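Results of the structural survey
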Amino acid sequence: MEKFALPHCHGEGQREEYLRDQLGRPDTFQNVADTFRLLDDTSRVRIFWLLCHCEECVINISAMVDMTSPAVSHHLRQLKAGGLIVSRRRFITGRRTRKRAGCCTRPLSRSWRFPVL
């Protein structure tokens, strides 16, 4: 493999080699592109943002974002398939499944609550 050199050298050869190596890995960038594609819908971004801050069921999510439950469920399926959210069944109620962002082990702010309208 030939040595890569930028047209204008800033004296940071190691960094340039690292960056060149990373740019040569299209699978990494494909994962990022897939994530951005998943978040190209404002409704999904709003739902994902909400789930980064709290853990909720579909009914509450739909009330908070002012969408129907089937529409929210559709977006949640896409976010879950993309690995951005996870769900868990609460044993207290048994039937309701709560969702949260997959990057968080728990909601970012436990004390943060939405006002009841």
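This write-up is about the structure you can find in this document. Remember, predicted model here, so these are calculated numbers, not experimental data.

**Notes on unusual backbone geometry**
At Asp66, a residue that is not glycine, the phi angle is positive and equals roughly 55°. With respect to the element layout, Asp66 can be found in the loop between helix H4 (58-65) and helix H5 (69-81). Classification of Asp66 by relative accessible area gives exposed; the value is 71%.

**Examining helix H3 (residues 42-53)**
Here H3 contains twelve residues, and its C-alpha end-to-end distance of 17 Å stays within 8% of the 16 Å for a straight helix at 1.5 Å per residue. Buried within H3 we find Ser43, Arg44, Ile47, Phe48, Leu50, Leu51, Cys52 and His53. Two to three positions downstream of the cap, the backbone nitrogen of Ser43 sits 2.8 Å from a side-chain oxygen, assigning the N-cap of H3 to Asp41.

Calculation rules
Residues numbered from 1 in each chain as written. Predicted model: local features only at pLDDT ≥ 70, side-chain atom pairs only at ≥ 80, totals over all residues. Heavy atoms only, no water. Helix = DSSP H or I, 4+ residues; strand = E, 2+ residues; numbered from the N terminus. Buried < 20%, exposed > 50% of the residue type's maximum accessible area, 1.4 Å probe, protein only. Expected span 1.5 Å × (residues − 1). Polar contact = N/O pair within 3.5 Å; in protein donor to acceptor, adjacent residues only side chain to side chain.

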